[in-house]
Each structure stands twice: as C-alpha cells, then as structure tokens.
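The residues making up each chain are set out below.
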Amino acid sequence: VAALWSAWEREGVEALHLERVRPDSQVLGFLAPLARERCAAVAVEPAGVSVEVALPGSWDGYLERLDKKQRHELRRKLRRLQGAGAVEFRTVRSAGAGLAGAVAGFFRLFRDNREDKAAFLTPGMEAYFGAVIDAAARDGLLNLGLLELGGALAAAVLCFDHQGRTHLYNNGYSREFAPLGVGLLSKVLSLRDSLERGVAVYDLLAGDEDYKFHLGGGAVTLFRCVIRLRPGVGVP
C-alpha cells in the first residue's frame, strides 16, 4: 500500500473513488489508515450490501439453518424438478474437453434469458468473458455449473472459487423450463456442490435481492471510500 501511495503521488493522482468496498478489504484495513497518517482526507460511508451464505458441514445442516417456510419451499421445488425428468447437475472446472461447449451453453442461456442480458452480451463482451473463463479454468478458479433435465441444458451458473469461497457471478436458464424454477434451483445445486466439496462460504455478491436471503444468506455492509490525496480536490 505504501508503494502504491508513492506511485500515485508521482503520477499526480488527486483522488481515489472506491465503490463497494468490503469491511475486511485491504482498502479499509490498510489504505484508509495510511491515508489518514499522511493527512489525506478520507470519507467512508455505507454503499449497499453483499450477501453470503456460511456453509455448514452437511446438506441437512444447511437446510436446518433455513426458516421453516423456506426449507419447505426449497424441498418442494426440488421434488417437483426431480418429478419432471432425469436431473443431472455437473460442474466444469478445468480447460480441455467439454469447456467450450459448456461456455457456449452458458452464453446461449444468458442471452436468451432476458433482453437486457442479450444487449449486454455484445460480441466484444462475449469474447472478453470467454477469455476470463479460459484463464480461470487454467488457474483452477472456474466453477461453471450445468443443470440438465432429461438430457437438455436447463440452466447454467457461472462461479469462481478462491480461498475457500465460491463467488456466484451470474446465471442463465431456459425459458422452456422456467416454470420449474430452474434459475433458482441451479443456484441451490451449485451451493450444494460447493458445500459437499468443503467450501466455507457461498458468496452471492452485491445486491439485496430477496432470493439471497431465502437461501440463508446474511448481509455484509459494503462501503464507498473516497480519499483525497490533495487537499481541496473534489470527486465527481
């Protein structure tokens, strides 16, 4: 952090405007205290929440942590899915055979899911995320979950694993199977897969959508941190 600070001063950086900073981040743990020591103006304020699920040692233990209504609803939805055909949930984590097809399936469902997602996934953006996924697969970080129903791809969940945590990035699901709740259930099965592999935390990332709390998530406050290296410099 001290080396970065020196570089920012050499480059004439006037201010840092940092969004969605976790309370356990390097920014709040090291950068903000250093800035105060060097008489820079520091402003920290809440800026939303991230939601994460602490995973116990068993699936039954996880279910017991849910409230009675959510536990009943989750079991009911899983039974209904299983009654609709042969269910298979598998994950792709490494480069090689199967990765290209899995990624293509994820992109197809992501694009077909909603119009705003289709608009976001331009050819350039698709190429970028394809490169990110390939790199994550090579480094052992990729966790791409595929939910198949009766042999057809019903939903896909793109996650990344790092230091005992699964980070959910995004998902897509087939409109054909939407009435079965495959969008939500693909996340549930991804969470179960992480739990069974001994992952400690399933991180649903920023946003306070209801489904995250229904899955047993707890809120972690995120912060906006503005540091003015030069007195009197404003930040838009």
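Everything numeric here is computed off the predicted structure, so don't read it as measured data. (Residues numbered from 1 in each chain as written. Predicted model: local features only at pLDDT ≥ 70, side-chain atom pairs only at ≥ 80, totals over all residues. Heavy atoms only, no water.)

Asks: Any details on the packing of aromatic side chains? Residues and values, ideally.
Replies: Tallied over the entire structure, the rule returns 8 aromatic pairs. Ring plane angle 50° and centroid distance 6.1 Å describe the contact between phenylalanine 120 and phenylalanine 129, whose orientation is recorded as tilted. Owing to a relative accessible area of 36%, phenylalanine 120 belongs among the partly exposed residues under this scheme. Owing to a relative accessible area of 15%, phenylalanine 129 belongs among the buried residues under this scheme. Within the aromatic cluster, the residues linked to one another by ring pairs are Phe106, Phe107, Phe110, Phe120, Tyr128, Phe129 and Tyr169. (Phe/Tyr/Trp six-rings, centres within 6.5 Å; stacked < 30°, edge-to-face > 60°. Buried < 20%, exposed > 50% of the residue type's maximum accessible area, 1.4 Å probe, protein only.)

Asks: Give a detailed account of the pattern of salt bridges, specifying residues and quantitative values.
Replies: Under the criterion given, the structure shown has 15 salt bridges. With a shortest N-O distance of 3.3 Å, arginine 224 and glutamate 19 are connected by a salt bridge. Here glutamate 19 lies in strand S1 (residues 15-21) and arginine 224 lies in strand S8 (residues 218-228), a separation of 205 residues in the sequence. A relative accessible area of 22% means that arginine 224 is categorised as partly exposed. Residue classification places glutamate 19 among the partly exposed residues on the basis of a relative accessible area of 45%. For the salt bridge of arginine 197 with aspartate 161, the shortest nitrogen-to-oxygen distance reads 3.0 Å. A residue pair is termed long-range when its members are at least 10 positions apart, and arginine 197 in the loop between helix H8 (182-196) and strand S7 (201-206) and aspartate 161 in strand S5 (residues 152-162) qualify at 36 residues. What makes arginine 197 partly exposed here is its relative accessible area of 36%. Via salt bridges that share partners, Arg22, Asp24, Glu52, Arg165 and Asp203 belong to a single interconnected network. (Salt bridge = Lys/Arg side-chain N within 4 Å of Asp/Glu carboxyl O. Helix = DSSP H or I, 4+ residues; strand = E, 2+ residues; numbered from the N terminus.)

Asks: Could you give an account of the nonpolar core, naming the residues involved and the relevant values?
Replies: Ranked by internal contacts, the top residues of the largest apolar core, which has 29 residues, are Trp59, Tyr62, Leu74, Val182 and Tyr202. No other element matches H8, which puts 6 residues into this core. In this structure, valine 182 is in contact with Leu81, Leu147, Ala154, Ala155, Tyr173, Ser174 and Phe177, ignoring residues within four places of it in sequence. Membership of the second largest hydrophobic core comes to 19 residues, among which are Leu99, Phe106, Leu144 and Leu153. (Core = buried A, V, L, I, M, F, W, Y, C linked by side-chain atoms within 4.5 Å. Contact = heavy atoms within 4.5 Å.)

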